[in-house]
Every structure is written in structure tokens, then in C-alpha cells.
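This is what each chain is made of:
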Amino acid sequence: MRLTTAQALVRFLANQYSERDGVEQRLITGVWGIFGHGNVAGLGQALLQAARTGNEHSGGLPYYLARNEQAQVHTSAAFAKMRNRLQTFACTASTGPGSTNMITGAALATTNRLPVLLLPSDMFATRAPDPVLQQLEDPRAGDVSVNDAFRPVSKYFDRITRPEQLIPAALAAMRVLTDPVETGAVTLCLPQDVQAEAFDWPEEFFRRRVWRVGRPVPEAPALARAVQLLRNAKRPLIVAGGGVVYSAAENELRAFAADTGIPVADTHAGKGAVPWDHSCAVGGLGATGTSAANAFAAEADVVLGIGTRYSDFTTASHTVFANPDVKFVNLNVARLDAAKHSAEMLLADARLGVQALHDALAGWRVDPAYSAQARALAAEWNRTAEACFRGDFRDPRTRGAAHGPLPAQTEILGALNELAGERDVVINAAGSMPGDLQMLWRARDPKAYHVEYAYSCMGYEIAAGVGVKLAAPDREVFVLVGDGSYLMMAQEIVTMVAEGLKVIIVIVDNHGFASIGSLSESLGSQRFGTQYRYRGDESGQLDGGLLPVDLAANAESLGATVLRAATVEDFRAAIGQAKENTTTTVVHVETDMLGPNPPGSAWWDVPVSQVSDLDSTRKAYDDYAAAKRKQQHYL
């Protein structure tokens, strides 16, 4: 049949499905985009034609209008995360800056191993009108465009310079999107003239295709080796990562932990896989982990990592697993992650791998005293968390002073955690809140905690709220966003309003970068450049009065209903009202930038200047050098 390349791509995408455990669903559920020169007459025309003609083969692929190209990729990644990587969106952008705006989103998707299909427009394949508007001319090569910047952040990249090239490229794109080992951002660059070029396509290209997402089973010898290590362990620890959630293995893990008594610590991506009050749960692990989880990690002799990529926050930069003889068993579908820390590799789907371990360890349990210690340390941490939620925690190591008059951030999180339902979703990504959330948030549902911390991308939160609500319209969605992240990317509030999505956005406003300010202070840099202030007349630095930025008024101008809260009691009332509302509602609250913060129990490797004229920096370097000595390779 004779179609343009863009029309053929739309028709192809509408007929792609994924399947796991006998359940089929459309793989590409729609297309996000902003039209401009490069895609308006290509993909734009193809999507219009599909929508207006109601063609059974390419209809039902809805178009969504984003307000920022980076945001539309975040929305798609958040959607894919909620749907366990079995469904996603495609994203189209115009030539030049429209396309390069998507690069940060691509990096986030690939770092988080989340499938997103990117369709950046490109220059003319014929090069007839070169150089065209927004073209980057490279004197070294004629086939280079700005879209080549997608190559290092994509799991698959191709540039379609002839219509017939779409056939193998589109099939390869679907293969990668549906491969839990290889998935991430997939980029097909589409020159604007090729998008509009006609070709006689084989009808077989458009048939209904189902991409099976399998569950690899563990090999018997590998399973036997893993079981032997665990049987011989005296102080084993489970690290639950995102693979547990994506595999829907939470029930299997909960039963396995309960029957063996092995304590379970979680990463950001794995939080909620085991409920916070499970008898074996010890909370978040690593640089922003709980004292309970980090205490068990320090003495663990065998660590069973399930679906985790072991980021430096999880390992506290290779210091949290302090036992010099510690051994690792890594259950993962990806060999890259299974091999980390010289582990005994158990290459398998998380659900089937946990089931196999459970069966093989039937009747085996850790020492009762070890299980009792897990319950005791978890209870001790929960008392600390309660103090943080009340705002009256005082770290004895720093003799923290009382905060005020503004509420502490931990008080706001405590109130929200109490008021949120078990299936309600909290979204966050960057700043000081991820650390507080990993330590304090009490999740029972594996989809109730949505914190992007592989790329820790400021600006992710509000855009992600759109994707999460589209993926789970029956859940209440809370977007937690700091003022710094809000100022970077808030415009998708307009998209929420346009699509009639009910999302509750909590703006926690402390007039600056609290997380980096705290880190700066700990590294001897005295919170330099981390607050939103006027430039001082005498100092010439940004240390004058606070800027008169009204984020609540800004959100209201974008179409949201806005509620302002000055106290914790006000905040509780505002959340109650927001839950009653049927449209996107923003709750704005100011908090104390200086905390108090939850007590840390681990380290993060951020190098400090080795020489300095500042006493604060010299002191910080001495502390850094001492902590660095505890770092180790796991060999």
C-alpha cells in the first residue's frame, strides 16, 4: 500500500502489542509531541489523518500536546514505570532545539531502564536546501546533525534516510523496547523530507505483532551455588530493587522473607515491594538509608540483591557493606547488574528467581535472635521517624537547634504520609526530599512510591504526574516538588488542565536548593550560591533579601486550583480539600530550609578540594579523607 513514511510509522505503531503472563496490551499507547517545522507536515499530518479517517489499523493512537519536549519524555517514562515497562508512548519533536530538548529525557529513561520511543525530526536527507533553518553544520562530515547527541543516551539509535529503512529499524526498535535487559530510550531520527516521502509498503509490515516479554528461569547450577551461599550465611541481607516491582514479584518476596527471616532493605525503585511494617523490613539502604538497614548492611556476610543496579547511593559509595568478607548473590535479568561486586550471578526473572530460592531453602531460617534484632532495630528507627514527623527530632551528634517559625519539611512529609491512602502515589525526583522520603516514607504498595533517583532529574516531578495519572487513573496522585525543581519545569500543569487530569501538587518552598545547600556546607563550601536571594549591595554576592517569587500565583495562572498553607494544621486541611477537588490542585507551603533533617548513617563520595584558603574546606577535606579510607572494591 502506498503511504508516506510518517503514515506508515503511525500505522505500524498502532499494531504493536506486548504480552506477559498471557495478558496483551498495546505497546505504544499514544504519541506526545510539539509540532514545528520538521514534523508538522510529516508525523503531524499522519496523526491527523489517522484521527480523522478513523482507520481501524491506525486509529486509536491518540496525540497528546506537551508544553516542553523534555517533559513529554519524562511523562512517557513515568507512564512506563507505572505499567511495569509493558507499555509506553512515542514522542515527536520538531527539527533542531525541539528534538535536542528531549536528550535529557532520553538519558533519564535509559538510566532508569524505562522504555520510551523518541522520534526527533532531522535535516533533509536529500540535502537539497542545505543549510536549512536550525541546522548545525559540521565541517568534518555532511551526515552529522544535532540528533547524533542521542546516540550515547539511547539503547537503540537509527536515522531513516530512505523510506524502506523504516522496516528493519521499526522492528529493531520494538525488540529493544520490550527487552527488560536492554530497554531504555529508543531513537529513530526522521529527516523531514523522508517523513513526507511516499513508498509502496508490504502489507505484512502492518500486521498485528505481539512482542512476548518472557520470564527467564534460573539455571540449576547457578541456583545451587546461590542457595549454598545463603544456607551458610549467618547475617544475610536482601536488597530489593526496582526489578522486584517490574517483575511483579512483591508477593513472592514478602513470603520468602517471612519464611526465611532474612531482613529486607530497599532502594528507591524497590520501596513498597515489602511493606514498611513487614516483620523483616528494615527500610531504605545506603547514603540516605535508615540506621536499621545500614546497621545490617555493615555486618552482612551475604547480600542477596534482587533487581538492583547498586547505584552509589545504595552502596554508600562502596562503604555500607563494610564486612571485608562480604559476598553477593545477584538475582537479575541483566548480566551487567548480576555481575556487579563479583557476585554469584543468578540470571533470571525476579519472580521466578525468588520462587526458586524459596523452594530450595524450604525449612531453612536465620537464627531467631537475628530476626529479633531486625524487628528491634526497625522499631527503633520507626520511633526516630515519628520524631521527624512531629518536627521535634534533635540529632545528638549535632545538637540540632529547634527549627521555626516555619514547619520542617519532615513535618509536611509526615502529615502527607498519614493522609495518603495505601494506593495513593507520591512522586518526587531531586533535591532534599528523596533522601527524607527514602528514610521516612511508609509504603505498602509497590506502585505507591514513585521517586526517580537513577538520574535524579530536577523538573521530572510535574511531568511525571501526567504520566502516572494516565497510567493509573484510579489512584490519587501526589506530586511533591521543591521550589527549585518547580522553577525548572512547571508548565505541564497546563497539560493536566487540558487533559482533565486530577493531580495534587505539593510545592515545598524553602527559597533555594536545600539539598545542595546542606551538601555544600558539609563539603566546606558554606552554602554558597544555593539560595534564591537578591545580589547584596555591599558583598556583591547573592546574599541579599529573599526574592519575591510567588509560586502559588504562578501555578494559579497555569490553570490549577491553589491552596496556601502556613502551618502543618493548614497543610492537613488543604490536603483534605485537595482530595475532595476534582481538578488539578496545588498546595503551597513554605518550610524551614535548615531542617531539622533525618539522621544520616552513611556516606556519599563527593570529592573535596585538596587545597584551600578556607578553614571550612580544609576541615571538610580531613573528614573526606577519613571516610574515603573505608571505601572498598568488592572483589
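Further up the page is the structure itself.
Residues numbered from 1 in each chain as written. Predicted model: local features only at pLDDT ≥ 70, side-chain atom pairs only at ≥ 80, totals over all residues. Heavy atoms only, no water.

A.B. asks: Describe the overall build of the chain, listing the residues and the values that go with them.
C.D. replies: Helix and strand counts for the chain come out as 23 helices and 23 strands. For 635 residues, the compact-globule estimate of 2.2 N^0.38 gives 26 Å, and the C-alpha radius of gyration of the chain, at 25 Å, lies within 12% of that figure. Projected onto its principal axes, the C-alpha coordinates of the chain cover approximately 70 × 70 × 55 Å. Within the span of the chain, comprising 635 residues, buried residues form 59% of the whole. Within the chain, contacts between residues separated by at least 24 positions form 76% of all contacts whose residues are at least 6 apart in sequence. As presented, the chain carries roughly 25,000 Å² of accessible surface, and 52% of it is formed by carbon and sulfur atoms. Of note, the chain has its 58 positive side-chain charges centred 5 Å away from the centre of its 69 negative side-chain charges. (Helix = DSSP H or I, 4+ residues; strand = E, 2+ residues; numbered from the N terminus. Rg over C-alpha atoms; globule rule 2.2 N^0.38 Å. Buried < 20%, exposed > 50% of the residue type's maximum accessible area, 1.4 Å probe, protein only. Contact = heavy atoms within 4.5 Å. Areas by Shrake-Rupley, 256 points an atom, 1.4 Å probe, with all protein chains shown as cover. Lys, Arg positive; Asp, Glu negative; His and termini not counted. Charge placed at Lys NZ, Arg CZ, Asp CG, Glu CD.)

A.B. asks: Lay out the packing of helix α3 (residues 69-82) against helix α17 (residues 460-471) with the relevant residues and their values.
C.D. replies: Close contact between α3 and α17 brings their axes to 7 Å; oriented N to C, the two are set at 45°. For the element pair α3 / α17, the angle class is oblique. Regarding α3 and α17, the two cross each other, and that crossing is right-handed. Each of A71, H74, T75, A78, F79 and M82 in α3 lies in contact with α17, whose residues at this interface are Y460, A463, A464, V466, G467, V468, L470 and A471. For the contact of α3 with α17, the per-class residue count stands at 11 nonpolar, three polar and no charged. (Axes fitted to C-alpha atoms, helices over the stretch in contact; angles between N-to-C directions. Parallel < 35°, antiparallel > 145°, perpendicular 65-115°, else oblique. Left-handed = near helix turned anticlockwise from the far one by under 90°. Nonpolar A, V, L, I, M, F, W, Y, C, P; charged D, E, K, R; others polar.)

A.B. asks: Just give me the short version of the nonpolar core, but keep the residues and values in it.
C.D. replies: Ranked by size, the top nonpolar core spans 63 residues in total, and within it F256, I306, F321 and L357 carry the most contacts. Of the residues forming this core, the biggest block, seven residues, is contributed by helix α14 (residues 368-390). Once residues lying within four places of it in the same chain are set aside, the contact partners of F321 are L237, V239, L285, A297, V303, Y310, T315, V326, F328, Q632 and Y634. (Core = buried A, V, L, I, M, F, W, Y, C linked by side-chain atoms within 4.5 Å.)

A.B. asks: Got a sec to walk through the packing of aromatic side chains? Specific residues and values, please.
C.D. replies: Here the structure, examined in full by the defined rule, presents 19 aromatic pairs. Summarising the aromatic geometry, the rings of W32 and F89 are spaced 6.0 Å apart at their centres and angled 70° between planes, so their arrangement reads as edge-to-face. Pair noted here: W32 is in strand β4 (residues 28-33) and F89 is in strand β6 (residues 88-93), with a separation of 57 residues, a long-range link. In this structure, W32 and F89 share a single accessibility class: buried. Among the aromatic residues, those joined into a ring-pair cluster are F12, F199, W201, F205 and F206. For R11, the ring lying beneath its charged end belongs to F206, and the centroid distance is 5.4 Å. Just above the ring of W276 sits the side chain of R442; from NZ or CZ to the centre is 4.5 Å. (Phe/Tyr/Trp six-rings, centres within 6.5 Å; stacked < 30°, edge-to-face > 60°. Lys NZ or Arg CZ within 6 Å of the ring centre and 35° of its normal.)

A.B. asks: Explain the pairing of strand β3 (residues 23-26) residue by residue, including any values.
C.D. replies: Bridge count for strand β2 (residues 16-20) against β3 is four bridges, and the pairing is antiparallel. Within the sheet, the bridge partner assigned to Y17 lies in β3 and is R26. (Pairing = 2+ DSSP bridges.)

A.B. asks: Provide a residue-level description of the pattern of salt bridges, including the pertinent values.
C.D. replies: On inspection of all chains with the given rule, the structure shows 34 salt bridges. Of the charged contacts in the structure, one is a salt bridge between E252 and R351, with a shortest N-O distance of 3.9 Å. One end of the pair, E252, is in helix α10 (residues 250-260); the other, R351, is in helix α13 (residues 350-360), with 99 residues separating them in the sequence. When its relative accessible area of 18% is taken as the criterion, E252 is described as buried. Ionic pairing is found between D623 and K619, a salt bridge with its closest N-O pair at 2.7 Å. In this pair, D623 and K619 both sit in helix α23 (residues 615-628), four residues apart, roughly one turn of the helix. Since its relative accessible area comes to 48%, K619 is described here as partly exposed. (Salt bridge = Lys/Arg side-chain N within 4 Å of Asp/Glu carboxyl O.)

A.B. asks: Outline the pairing of strand β22 (residues 561-565), supporting the account with residue identities and numerical values.
C.D. replies: Of the strand pairs in this sheet, β22 and strand β23 (residues 585-590) are connected by five bridges, and their pairing is parallel. Counterpart to V562 in the pairing with β23 is V586.

A.B. asks: Please set out the environment of P405 residue by residue, giving values where relevant.
C.D. replies: As for its position among the elements, P405 is in the loop between α14 and α15 (409-419). Relative accessible area serves as the criterion here: at 85%, P405 is assigned to the exposed category. Distance in space between the C-alpha atoms of P405 and D592 is 7.8 Å, their sequence separation being 187 residues.

A.B. asks: Mind laying out α17, listing which residues take part and the relevant values?
C.D. replies: Across its 12 residues, α17 extends 16 Å between first and last C-alpha, which sits within 8% of the 16 Å expected from 1.5 Å per residue. Those residues of α17 not exposed but buried are Y460, E461, I462, A463, A464, G465, V466, G467, V468, K469, L470 and A471. (Expected span 1.5 Å × (residues − 1).)

A.B. asks: So, the sheet that holds β22: which residues are in play, and what are the values?
C.D. replies: With parallel pairing, six strands are arranged side by side in an open sheet as β19-β18-β20-β21-β23-β22. The sheet terminates laterally at β19 (449-451) and β22, the two strands that pair on one side only. Taken pair by pair, the neighbouring strands of this sheet meet at an average axis angle of 20°, ignoring direction. Note that strand β21 (residues 504-509) and β23 share six bridges and pair parallel. Bridging from a neighbouring strand, I505 pairs with V586 of β23. Strands β18 (425-428), β19, β20 (477-482) and β21 of the sheet are contacted by α17, whose axis makes an angle of about 170° with β20.

A.B. asks: Could you give an account of the sheet that holds β3, with specific residues and numbers?
C.D. replies: The sheet built from three strands is open, its strands ordered β3-β2-β11 with mixed pairing. At either margin of the open sheet sits one strand with a lone partner, and together these are β3 and β11 (209-212). With direction set aside, neighbouring strand axes in the sheet form an average angle of 30°.

A.B. asks: Break down helix α11 (residues 291-299) for me, with residues and values.
C.D. replies: One turn of the α-helix equals 3.6 residues, which is why residues spaced by three or four share an orientation. Considered for burial, the residues of α11 that qualify are A292, A293, N294, F296 and A297. Here the buried face of α11 lies against β12 (236-240), β13 (264-266), β14 (281-284) and α14.

A.B. asks: Go over the side chain of R209 with me, naming the residues and quoting the values.
C.D. replies: Within the secondary structure, R209 is located in strand β11. In this structure R209 is buried but unpaired, with E204 as the nearest side chain of opposite charge at 5.0 Å. Once you skip the residues sitting within four places of it in the chain, R209 turns out to touch F12, N15, Q16, Y17, L171 and E204.

A.B. asks: Can you explain the environment of A376? Please cite residues and give values.
C.D. replies: Residue position: A376 is located in helix α14. Note: C-alpha distance between A376 and A292 (84 residues apart in sequence) is 8.8 Å.

A.B. asks: Tell me what's going on with the side chain of R26, and back it up with residues and numbers.
C.D. replies: Within the secondary structure, R26 sits in strand β3. A polar atom in the side chain of R26 sits 3.0 Å from the backbone oxygen of A14. Setting aside residues no more than four positions away along its own chain, R26 makes contact with A14, Q16, Y17, G59, G60, L61, L86 and Q87. (Polar contact = N/O pair within 3.5 Å; in protein donor to acceptor, adjacent residues only side chain to side chain.)

A.B. asks: Let's hear about the state of the cysteines: which residues, and what values?
C.D. replies: Evaluated as defined, the whole model comprises zero disulfides. Here C91 stays free of any disulfide, with the sulfur of C189 as its closest cysteine sulfur at 14 Å. The class for C91 is buried, based on a relative accessible area of 0%. (Disulfide = S-S within 2.5 Å.)

Honestly, that's just the spatial picture; any functional story needs more than this.
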